Amino acid sequence: MDLSYFFNLAGVTVFAVSGALAAAEKKTYHADAFSVFFTGFITAIGGGTLRDITLGNYPVSWVSDSNVLWAIFVGFAITFIFPRLLIRMKTGIFFFDTVGIGIYTVIGTRISLLSGVNPFAAAILGMVSAVFGGVIRDTLINEVPMIFRREIYATACLVGAILYIILDKFEVNGSLNTAVSALLVIIVRMIAVRFNLSLPKFRLPE
């Protein structure tokens, strides 16, 4: 059990916090404890589940590894115990979501490479692992998913996935590679938001 495994559990926890916090903050409907937990749960396992189904890895990770479920419960407990502190943090959801996509990108890419897929597919699956849970979260709480907003989101994940694949080709230590590549995703995303950077808008000819 290497450090990457614990990175994965950390990603599950922060995504669970992100989803639960997003549901708890909504004022347009009544969010009880179950709906908050369910949103956090779906956010945490959504991307990884789609990745495992695509790769044919059965049973999917949260079914085969009870530690994933415990990590989700920890995320929910953090939200339940410290809701006011987290909600007061204006960047709360942004912070947890950014850390989550950083970790999930590289873990998804790593698992895909270990499953024998080509590097291009591994990078895409790493990105999907990171963003799909957030897409489900935003859909559940009736928000426009991040990938359809101006902010650089999925692109940051793709950059981190590519770096992971390059460093893996050079046989860089797996745990170090995971940390560095995840950090790149986080830095790219935070810089993009800080300086309001975005990709050019795609326009169809009139």
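Counting of residues starts from 1 at the beginning of each chain's written sequence and follows it residue by residue. Under the rules for a predicted model, residues below a pLDDT of 70 receive no local features and side-chain atom pairs below 80 are neither given nor counted, while totals for whole chains, interfaces and linings still include all residues. No hydrogens and no water enter the side-chain calculation; it runs on all heavy atoms of the structure.

As annotated in an unreviewed UniProt entry, the protein chain carries the name Trimeric intracellular cation channel family protein and comes from Leptospira selangorensis. UniProt positions are given in the numbering used here, feature names are shortened, and annotations may be inferred rather than shown by experiment. Regarding the protein chain, the UniProt comment filed under Subcellular location (unreviewed entry) reads as follows: "Cell membrane". UniProt, in its Sequence similarities (unreviewed entry) section for the protein chain, records the words "Belongs to the UPF0126 family."

Peer 1: Give a detailed account of the UniProt feature "domain: Glycine transporter" (unreviewed entry) in the protein chain, specifying residues and quantitative values.
Peer 2: Feature annotation in UniProt assigns "domain: Glycine transporter" (unreviewed entry) to the following positions: residues 6-82 and 95-168. In this description a helix means any DSSP run of H or I spanning at least four residues, a strand means any run of E spanning at least two, and both kinds are numbered starting from the N terminus. Its end C-alpha atoms 27 Å apart, residues 95-168 is made of 77% helix and 0% strand.

Peer 1: Please give an account of the packing of aromatic side chains that cites residues and values.
Peer 2: Stacked, tilted and edge-to-face are the three classes applied to pairs of Phe, Tyr and Trp rings, where Trp contributes its six-membered ring and a pair requires centres within 6.5 Å; stacked means planes under 30 degrees apart, edge-to-face means over 60, and tilted covers the rest. Tallied over the full model, the rule gives ten aromatic pairs. Note on Phe37 and Phe76: the rings are 5.3 Å apart at their centroids and 85° apart in plane angle, and the pair reads as edge-to-face. In this pair, Phe37 sits in helix α2 (residues 33-55) while Phe76 sits in helix α4 (residues 66-81), placing the two residues 39 residues apart along the sequence.

Peer 1: Let's hear about the environment of Gly133: which residues, and what values?
Peer 2: Note on placement: Gly133 falls in helix α7 (residues 119-140). Each residue's exposure class comes from its accessible area (1.4 Å probe, protein chains only) as a fraction of the maximum for that residue type: buried when under 20%, exposed when over 50%, partly exposed otherwise. Classification of Gly133 by relative accessible area gives buried; the value is 2%. The sequence separation of Gly133 and Ser175 amounts to 42 residues, and the corresponding C-alpha distance is 24 Å. In what follows, residue pairs with any heavy atoms lying within 4.5 Å of each other are defined as contacts. Gly133 has contacts with Ile42, Thr43, Gly46 and Gly47, leaving out every residue within four places of it along the chain.

Peer 1: Help me get a handle on α4, residues and values and all.
Peer 2: Multiplying one less than the number of residues by 1.5 Å gives the expected span of a helix. Spanning 16 residues, α4 covers 22 Å between terminal C-alpha atoms, matching the ideal 22 Å at 1.5 Å per step. Three or more residues of α4 are buried, namely Val68, Ala71, Ile72, Gly75, Phe76 and Thr79. The buried residues of α4 occupy one face: seen down the axis, they fall within an arc of 135°. Those residues of α4 that are exposed and aimed more than 90 degrees away from the buried face are Trp70, Phe80 and Ile81. Its side-chain oxygen placed 3.0 Å from the backbone nitrogen of Asn67, Asp65 serves as the N-cap of α4. Working definition: the arc comes from the directions between the helix axis and the C-beta atoms, pointing outward to the latter. Contacts described as polar in this section are N or O atom pairs within 3.5 Å, which, within protein, must combine one atom able to donate a hydrogen with one able to accept it, while residues neighboring in sequence count only if both atoms come from side chains.

Peer 1: Lay out the side chain of Thr109 with the relevant residues and their values.
Peer 2: Mapped onto the fold, Thr109 is located in helix α6 (residues 92-114). Residue classification places Thr109 among the buried residues on the basis of a relative accessible area of 0%. Here Thr105 takes part through its backbone oxygen, which lies 2.7 Å from a polar atom of the side chain of Thr109.

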